[in-house]
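Reading the structure
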Amino acid sequence: MKEVQFHEKQYLGNNKFNLFIRLIIATACISSYYSPSSSDKLDDTSGLFLLIGISVLAVSVALFMVLHIKTEIVDDSLILDGFWTTRKVKIDLNNIVKTEVVKYSKILFNRPVYNLHIRGRVKFFTHGNLAVELTDKDGLVYKIGSQRFEELNKIIKEKILP
């Protein structure tokens, strides 16, 4: 039977970048409805702005329930599973030679990514500031964003060190 040593779920609604953009759009739409420049409140355009603003807020709340990444350590494998059309990524921890906690990015707002291959790195990120960086025997670097990065790093270190 498979033993799960680590389990974490990250949801799309928690991403600061997208949440910030959605809130700006909703605020602009709702404030345009209540702006003093529109003399007729029954105007179709102002009512449409109110509807769009409320819809954006509703979508933002719904995104807090949409799973982006499920991270698990089962036996000697790190399994990253995304939503809907993404493929499950299985990293064999026996091939990992180095693990460390690093800052995910210098940028304050980062987009969520799943299995993004860029400049010799494979990135998985939803939200947060720190990530666990794994290096395998071939030199490929995996950068995995996590809210529980210390626990993830500790469990991986226990697995790769004899």
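Structure: above.
Computed from a prediction, not measured in an experiment: that's the story for all the values here. (Residues numbered from 1 in each chain as written. Predicted model: local features only at pLDDT ≥ 70, side-chain atom pairs only at ≥ 80, totals over all residues. Heavy atoms only, no water.)

**Description of the pairing of strand S4 (residues 89-92)**
Taken residue by residue, a regular strand's side chains alternate between the two faces of the sheet. Residues Val89 and Ile91 of S4 are buried on one face, while the alternating residues Lys90 and Asp92, pointing to the opposite face, are not. By the bridge criterion, four bridges tie strand S3 (residues 77-81) to S4 in an arrangement that is antiparallel. In the sheet register, Leu78 faces S4, and the bridge partner there is Ile91. (Buried < 20%, exposed > 50% of the residue type's maximum accessible area, 1.4 Å probe, protein only. Helix = DSSP H or I, 4+ residues; strand = E, 2+ residues; numbered from the N terminus. Pairing = 2+ DSSP bridges.)

**Brief notes about empty space enclosed by the protein**
For the coordinates displayed, the defined rule picks out one cavity of 30 Å³ or more. Estimates place the volume of the largest cavity at around 40 Å³. Along the walls of the largest cavity sit Asn15, Lys16, Leu108, Asn110, Phe125, His127, Gly128 and Asn129, which together make up its complete lining. Looking at the lining of the largest cavity, its residues break down into two nonpolar, five polar and one charged. (1 Å grid on protein atoms, 1.4 Å probe; cavity = no way out; pocket = protein on both sides within 12 Å on 5 of 7 lines; lining within 4 Å. Points joined across faces, edges and corners; volume = space filled by probe spheres on them. Nonpolar A, V, L, I, M, F, W, Y, C, P; charged D, E, K, R; others polar.)

**Notes on the nonpolar core**
Counting residues in each nonpolar core, the largest one holds 21 residues, and the members touching the most others are Phe124 and Ile144. Counting residues per element, the ones that place at least two in this core are strand S2 (67-74), S3, S4, strand S7 (121-125), strand S8 (130-136), strand S9 (141-145) and helix H3 (149-160). Here the element with the most residues in this core is H3; it accounts for five residues. Non-local contacts of Ile144, meaning those with residues more than four positions away in its chain, are made with Leu78, Leu80, Ile91, Phe124, Ala131, Val132, Leu134 and Leu152. (Core = buried A, V, L, I, M, F, W, Y, C linked by side-chain atoms within 4.5 Å. Contact = heavy atoms within 4.5 Å.)

**Re H3**
For H3, built from 12 residues, the straight-helix expectation of 16 Å at 1.5 Å per residue is met to within 8% by its first-to-last C-alpha distance of 16 Å. Inspection of H3 places Phe149, Leu152, Asn153, Ile155, Ile156 and Ile160 among the buried residues, and these make up the whole buried set. Seen along its axis, H3 keeps its buried residues to an arc of 165°; they face one direction. Across from the buried face of H3, at angles greater than 90 degrees, the exposed residues are Glu150, Lys154 and Glu158. (Expected span 1.5 Å × (residues − 1). Arc of directions from axis to C-beta.)

**Describing the layout of surface pockets**
In this approach the atoms are scanned with a rolling probe the size of a water molecule, which exposes any empty space left behind. Considered as a void within the structure, the largest pocket measures approximately 160 Å³ in volume. When residues of the lining of the largest pocket are assigned to their parent elements, the largest contribution, three residues, is made by strand S6 (residues 113-118). Counted by class, the lining of the largest pocket contains four nonpolar, two polar and three charged residues.

**A look at unusual backbone geometry**
Glycine aside, residues mostly have negative phi angles, and peptide bonds mostly take the trans form. Phi is positive for Asp75, close to 55°, though the residue is something other than glycine. Position of Asp75 relative to the elements: it lies in the loop between S2 and S3. Owing to a relative accessible area of 36%, Asp75 belongs among the partly exposed residues under this scheme. Even without glycine at this site, Asn115 takes up a positive phi of about 60°. Positionally, Asn115 belongs in strand S6. Using a relative accessible area of 28% as the deciding quantity, one classes Asn115 as partly exposed.

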